[in-house]
Amino acid sequence: SSDVCSSDLRMKPEIRPFLHESTGTWSYVVADTASRKCAVVDPVLDFDPKSGRASTTSADAIASSVRDSGLTCEWILETHAHADHLSAAPCLQAALGGKIAIGEGIRAVQRAFREILNLGPAFPVDGRQFDRLLADGEEFAIGSLAARVIATPGHTSDSLSYLIGDAVFVGDS
């Protein structure tokens, strides 16, 4: 209801930004200071296209920040399927726990990627790689912080933003 939304906007999450220099991608740790629960938004896996090697330096910095602050990770939130970088969500989930979530439009993106990238019919296009597929208007919590999903298609058909307390997290902005 609108009353719930109005009161939720007064809640101020603790926000820690992390800039991944080589891709220009911002990742965030969004924490509820009361419960010490958090979410990580758009974590990046380091990838060197020249060598074809990946590392977890950026993800390790986020994991260290979460641990050093005594936070518990409840969510790893993707704003969209990323063509400009690789997601570190599985690495962070292994290190910190939490559920990996993305917009339900990922299924259409996966179908397109399967064809464009010749991934073959065995590549699943039902979103099973994620713990939760989110829909426009859906609500969830990060500790006592209310979070709402806002569909923002355009960049990709699965793009969405997250309204968490009084802050909005929009991918690639």
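Look above for the structure.
Residues numbered from 1 in each chain as written. Predicted model: local features only at pLDDT ≥ 70, side-chain atom pairs only at ≥ 80, totals over all residues. Heavy atoms only, no water.

### Notes on the overall build of the protein
Part 1 of the reasoning: The helix and strand inventory of the protein stands at four helices and 13 strands.
Part 2 of the reasoning: Compactness check: the protein gives a C-alpha radius of gyration of 16 Å against a globular reference of 16 Å for 173 residues, within 12% of the reference.
Part 3 of the reasoning: With the C-alpha coordinates of the protein rotated into their principal frame, the extents come out at 50 × 35 × 25 Å.
Part 4 of the reasoning: Split into buried and exposed, the 173 residues of the protein put 40% on the buried side.
Part 5 of the reasoning: Pairs at least 24 residues apart make up 56% of the contacts formed inside the protein by residues separated by at least 6 positions.
Part 6 of the reasoning: Positive and negative side-chain charges in the protein, numbering 15 and 23 respectively, have mean positions lying 4 Å apart. (Helix = DSSP H or I, 4+ residues; strand = E, 2+ residues; numbered from the N terminus. Rg over C-alpha atoms; globule rule 2.2 N^0.38 Å. Buried < 20%, exposed > 50% of the residue type's maximum accessible area, 1.4 Å probe, protein only. Contact = heavy atoms within 4.5 Å. Lys, Arg positive; Asp, Glu negative; His and termini not counted. Charge placed at Lys NZ, Arg CZ, Asp CG, Glu CD.)

### Quick look at the side chain of Ser161
Part 1 of the reasoning: Within the secondary structure, Ser161 sits in strand E12 (residues 160-164).
Part 2 of the reasoning: Given the relative accessible area of 1%, Ser161 is considered buried.
Part 3 of the reasoning: In this structure the side chain of Ser161 is engaged in a polar contact, spanning 3.3 Å, whose partner is the side chain of Thr152.
Part 4 of the reasoning: Non-local contacts of Ser161, meaning those with residues more than four positions away in its chain, are made with Arg148, Val149, Ile150, Thr152, Val168, Phe169 and Val170. (Polar contact = N/O pair within 3.5 Å; in protein donor to acceptor, adjacent residues only side chain to side chain.)

### Quick word on helix H2 (residues 57-68)
Part 1 of the reasoning: Between its first and last C-alpha, H2 extends 16 Å over twelve residues, near the 16 Å set by a 1.5 Å rise per residue.
Part 2 of the reasoning: Three or more residues of H2 are buried, namely Ala59, Ile62, Ala63, Ser65 and Val66. Buried positions in H2, seen along its axis, are confined to an arc of 160° and lie on one side of it. Turned more than 90 degrees away from the buried face of H2 sit Thr57 and Asp68, all of them exposed.
Part 3 of the reasoning: Once H2 finishes, Gly70 follows within two positions and takes phi at roughly 70°, a positive value. (Expected span 1.5 Å × (residues − 1). Arc of directions from axis to C-beta.)

### Here's the deal with the pattern of salt bridges
Part 1 of the reasoning: Evaluation of the coordinates by the stated rule reveals seven salt bridges.
Part 2 of the reasoning: For the salt bridge of Arg16 with Glu14, the shortest nitrogen-to-oxygen distance reads 2.2 Å.
Part 3 of the reasoning: Residue Arg16 is classed as buried on the basis of its relative accessible area of 19%.
Part 4 of the reasoning: A residue is classified by how much of its surface remains accessible, and Glu14, at 24% relative accessible area, is partly exposed.
Part 5 of the reasoning: Ionic pairing is found between Arg36 and Glu14, a salt bridge with its closest N-O pair at 3.9 Å. Of this pair, Arg36 sits in the loop between strand E2 (25-32) and strand E3 (37-41) while Glu14 sits in strand E1 (residues 14-20), and the two are 22 residues apart along the sequence.
Part 6 of the reasoning: Relative accessible area serves as the criterion here: at 26%, Arg36 is assigned to the partly exposed category.
Part 7 of the reasoning: Linked by salt bridges that have partners in common, Glu14, Arg16 and Arg36 make up one network. (Salt bridge = Lys/Arg side-chain N within 4 Å of Asp/Glu carboxyl O.)

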